[in-house]
Amino acid sequence: MDADGTVDAVDGVWSGTWVADRLGVELTGDAELTDLLGLALRRNPKRAHLLVSNVLGKHVPQRPSVVWRTGHDLGVRVRELLGDEAARRSVVLGYAETATGLGHSVADGLALAPYLHSTRRPVAGVARAGGFEESHSHATSHLLLPENPRLLAGDGPLVLVDDEFSTGNTVLNTIRVLHELHARERYVIVALVDMRSPDDQGRLAAFAQEIGARVDLIVSARGTVRLPDGVLEKGQALVAAYEKSHAESAAAALPRPRRTRGEIVRVAGLGWPEGVPDGGRHGFGPEHRERLEAALPAMAERLAPHVRGRVLVLGNEELMYAPLRLATALEATGTDIVYSTTTRSPVLAVDDPGYAIRTRLVFPAHDAPADGPGERFAYNVAGGGFDTVVVVLDSAGDTAELAAPGGLLERVAEHTARVVVVVVPSYIPERSVMSLPEPLRGPAFSSYAPDEVGWLLQDLSDVRLEAPTEEREEAIQSGGAHYAESLPVEYQPSEQYQGLFHAALDTSAGRIARAVGVVTETVLAERAPRRPVLVSLARAGTPVGVLMRRWALDRHGVELPHYAVSIVRGRGIDATALRWLAAHHDPADVVFVDGWTGKGAITRELATAIEEFEAGGGPRGFDPEIAVLADPGSCVRTYGTREDFLIPSACLNSTVSGLISRTVLRADLVGPDDFHGAKFYRELAGSDVSVRFLDAIQERFDGVADAVDADVKELLGADRTPTWEGWAAVERISEEYGIHDVNLVKPGVGETTRVLLRRVPWKILARADAGADLDHVRLLAEQRGVPVEVVDELPYTCVGLIHPRFTRGATGADGKAVAQ
């Protein structure tokens, strides 16, 4: 160890010599590069070599002041680059696991900004704000779990900190993901070393131009790694040969353990300040930094009597910053001390002065990791001549496995006289699903009675979201916007059209009441004896959910909870709403409800969304099956009917759906931990027929009861397996009409009506025997100048085709232009 604490050479030998000589790997660049880095071999199928930092405090024990000051000084440079005003608006993001402490130290130097680091530990009740992949890593998936969902939603500079900037893939992938969610004008990348190859040097400027933002790079040193051809295979062969030549594999590189195990003591009451996070997993603000700095001297004073001689403070994987700051506080008292942390990263150990990883300890994971059990490692601890090793953990890692035979404490105690265990309380974010707002209810939000439905939405009534239909269609089809980012201007029906609605309601109320009864009784029978929780997909599903609730109450005296949630094609279901539901009800009791199926796109969307929600750590148990009033596309197994007939609620927009708009999902309005949004059109109260629609159908309940009983008995004994014939028909129509996009083909009376009300229709296909069910469709088509084409072979009563002007289907199958 040099006088300044830098562990970079033994007897003048660079700690990368062993690898360089055997694999031909070369480091070239700034003079200080070999002081900062050594080389080792990964036990990893993706990359052969490992750049081992001497100042990071991960694999190589180093004086804590050197580790902290290295990151701090980089942060000072970032602040000078940005200026104080921009620095106050910035956020620092570090990478798990290696750069969590480095990123936090950079944030210390920047001083004015909050800090967050990625994590590989899902935390129950904390919403995921994003994630990304680190392709070359041993553990690739990173989660972003800020306590404050707005932390990453600002437009100030984002400062990304990693230990090395090599290919740049990880950092640029992160920026790309976060830029799509919350675009910024400026990014700053901070790394200890810039090791990009000449081929990668130009990518940063090209990337910045691509996203339309400024991207700066600040590093301690620059250089490149020259890798000869076949280095991965040569490295793997070298690792295999070395391990085979040692009977005890990695243990052969360790000095002989002590004959007697060192004592293990625990320090209680360290005095970690209440409310200060143990790191940046959920965010760490300047106010936390101030409180921690004030508390560090007292904590060091309490810890000092328990250490003696030469001391190593050993952190734990992502928990790098808390042990680092305890170590710097102890160092300030005059203690002879160095610092490093355990890791997931498997690296070959070779006891040679020219190799960066001289020894390794192997022990099982002790923090119940989400990806399952596995080996963990502590490098250069054995043989370090430490009289005391202070093992610093968070409380989540203080488990029985920690002290079990072969666990971390026992392995460390084999190589030191004294092991001191310090446990820092794992920070539990205050914000959870329980702190989310209660559901919105009428009359404050919607014209439905408060007990009819609770809307798991946020009120965006005061936000301007409407755009002309043609303008929205152009933006959607050209890829410039998602349909859920804006709202169509609400269609105001003419007196003639309203007359058609009331006539249709009078004609079809009995048929709808029968379908409501059938689907409700089917749900009750299949969920018995448990009480279902109805969760309608806003907004088309909401009137159906209200009617199902009324049927259960009217016929059985059973009051079913009913909520409305948002689902967006291509974006999935509102995950925050799912977490709220799981916190208040058993997910197994939830029954998702929709009005009707077209081709089954939402059915598929929901199944995929639930799978992704669970894979991301969300509560399990939700059944993705949808119960619908009508299933003409044969997409679900729980339905009231499979006939394609007019459901009058499809004739209108908000005025038959409680005066609620379609749901909205836009990044600048809906944070990652917020409910999706919607508007309440109070000004349309004079045209509202929502309750009239419900009452007209409920009035028919008694008259259809016997028919419902017979239908349900037949259905429960029948094969209701979906055939998806509707989807096949849509694919055929898409090709026959030269559209080549199933999203522009909307089958069924309900979906066709929506096309005419909200989109830019091209033409309507109608079955010859459609009759009065299509009176309102014919009227709307006439008003908008849309041709209605009679088709003999059609599995639906009608199909609406959205105008493909802005898609590749702008020409038909015959090569003629679709648009005039």
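Residues numbered from 1 in each chain as written. Predicted model: local features only at pLDDT ≥ 70, side-chain atom pairs only at ≥ 80, totals over all residues. Heavy atoms only, no water.

## A look at the confidence of the model for the protein chain
Close reading of the predicted structure is inappropriate where its pLDDT is low. Stated formally: Confidence scores labelled pLDDT are given residue by residue by the predictor and lie between 0 and 100. Whether two residues are in contact is decided by their heavy atoms: any pair within 4.5 Å suffices.
Per-residue confidence for the protein chain gives a mean pLDDT of 85, with 88% of residues at or over 70. Between residues 806-820, whose pLDDT stays under 50, and residues either more than four places distant or in other chains, the model counts 33 contacts.

## Structural notes on unusual backbone geometry
Condition: For the purposes of this entry, the term helix denotes a DSSP run of H or I that reaches at least four residues, the term strand denotes a run of E that reaches at least two, and both are numbered from the N terminus. To sort residues, take the accessible area from a 1.4 Å probe on protein chains only and compare it with the maximum for the residue type: under 20% means buried, over 50% means exposed, and anything in between is partly exposed.
Cis peptide bonds are those with omega within 30 degrees of zero, and the linkage from Gly442 to Pro443 qualifies with 0 degrees. Residue position: Pro443 is located in the loop between β19 (418-424) and β20 (454-455). Going from Ala538 to Arg539, the amide bond is cis rather than trans, its omega being 0 degrees. Tracing the sequence through the fold places Arg539 in the loop between β24 (533-538) and α15 (541-556). A positive phi angle is found at Ser446, which is not glycine, with a value near 95 degrees. Tracing the chain through its elements places Ser446 in the loop between β19 and β20. Phi is positive for His740, which is not a glycine, with a value near 60 degrees. By the element assignment, His740 lies in the loop between α20 (725-736) and β31 (745-747). Owing to a relative accessible area of 41%, His740 belongs among the partly exposed residues under this scheme.

## A closer look at the sheet that holds β19
Just so we agree on the cut-off: For two strands to pair, DSSP has to find at least two bridges joining them. Lines fitted to the C-alpha atoms define the axes, with helices restricted to the stretch that makes contact. Angles between their N-to-C directions range from 0 to 180 degrees.
Strand order in the open sheet formed by 5 strands is β13-β19-β18-β14-β15, with parallel pairing between adjacent strands. The strands lining the two open edges of the sheet, one partner per strand, are β13 (263-267) and β15 (337-342). Adjacent strand axes in the sheet meet at a mean angle of 25 degrees when their direction is disregarded. By the bridge criterion, 4 bridges tie strand β14 (residues 311-316) to strand β18 (residues 388-394) in an arrangement that is parallel. Residue pairing across strands places Val313 opposite Val390, the latter belonging to β18.

## Regarding the environment of Gly279
Its location among the elements puts Gly279 in the loop between β13 and α9 (286-303). Given a relative accessible area of 14%, Gly279 falls into the buried group. The spacing of Gly279 and Leu116 is 163 residues in sequence and 8.3 Å in space, taken between C-alpha atoms. Sequence-distant contacts of Gly279, that is, excluding residues within four places in its chain, are made with His104 and Phe284.

## Some details on the packing of α15 against helix α18 (residues 690-698)
Our working rule: When an angle is under 35 degrees it counts as roughly parallel; over 145 it counts as roughly antiparallel; between 65 and 115 it counts as roughly perpendicular; any other value is oblique. Crossing handedness follows the turn of the near helix against the far one: under a right angle anticlockwise gives a left-handed crossing, and clockwise gives a right-handed one. As a working rule, the residues Ala, Val, Leu, Ile, Met, Phe, Trp, Tyr, Cys and Pro are called nonpolar, Asp, Glu, Lys and Arg charged, and the rest polar, with Gly in that last group.
At a minimum axis separation of 11 Å, α15 and α18 run at an interaxial angle of 40 degrees. Viewed along their axes, α15 and α18 adopt a mutual orientation that is oblique. Where α15 crosses over α18, the two elements pack in a sense that is right-handed. Across the interface between the two elements, Pro543, Val546, Leu547, Arg550 and Asp554 from α15 touch Phe693, Leu694, Asp695, Ile697 and Gln698 from α18. Of the residues assigned to the contact of α15 with α18, the class counts are 6 nonpolar, 1 polar and 3 charged.

## Details of the sheet that holds strand β10 (residues 158-165)
Overall, mixed pairing links the 6 strands, which are arranged β3-β12-β11-β10-β6-β7 in an open sheet. The sheet is open, and its two edges are formed by β3 (26-29) and β7 (115-117), each paired on a single side. Ignoring strand direction, the axes of neighbouring strands in this sheet form an average angle of 30 degrees. Inspection of the sheet shows strand β6 (residues 91-94) paired to β10 by 4 bridges, in the parallel sense. Bridge pairing in β10 links Gly94 to Val161.

## A short note on α20
Threshold: Multiplying one less than the number of residues by 1.5 Å gives the expected span of a helix. Here the arc refers to the directions that run from the helix axis out to each C-beta atom.
Look at α20: 17 Å from first C-alpha to last across 12 residues, which is about the 16 Å you get at 1.5 Å a residue. Buried within α20 we find Gly726, Trp727, Ala729, Val730, Ile733 and Ser734. For α20, the angular spread of the buried residues around the axis is 160 degrees, confining them to a single face. The inward-facing, buried residues of α20 contact α17 (601-615), β31, β32 (761-767) and β34 (798-802). Following α20 by one or two positions, Gly738 adopts a phi angle in the positive range, close to 70 degrees.

## Quick look at the pattern of salt bridges
Our working rule: Salt bridge criterion: a side-chain nitrogen from Lys or Arg within 4 Å of a carboxyl oxygen from Asp or Glu.
Applying the stated criterion to the full structure yields 44 salt bridges. The salt bridge partner of Glu414 is Arg411, with a shortest N-O separation of 3.2 Å. Among the salt bridges present, the one from Glu643 reaches Arg511, with a minimum N-O distance of 3.6 Å. Of this pair, Glu643 sits in the loop between β29 (638-641) and β30 (677-678) while Arg511 is found in helix α14 (residues 495-527), placing the two residues 132 residues apart along the sequence.

## Some remarks on the nonpolar core
Our working definition: Nonpolar cores are built from buried Ala, Val, Leu, Ile, Met, Phe, Trp, Tyr and Cys residues. Side-chain atoms within 4.5 Å join them into one set.
If you look at the biggest cluster of nonpolar residues, it comprises 113 residues, and the most contacted ones within it are Leu27, Val92, Val159, Ile189, Tyr355, Val390 and Val422. The contact partners of Val159, leaving out residues within four places of it in the chain, are Val78, Leu82, Val91, Val92, Leu93, Leu110, Val188 and Val190. Ranked by size, the runner-up nonpolar core spans 97 residues in total, among them Tyr448, Phe501, Ile610 and Leu694.

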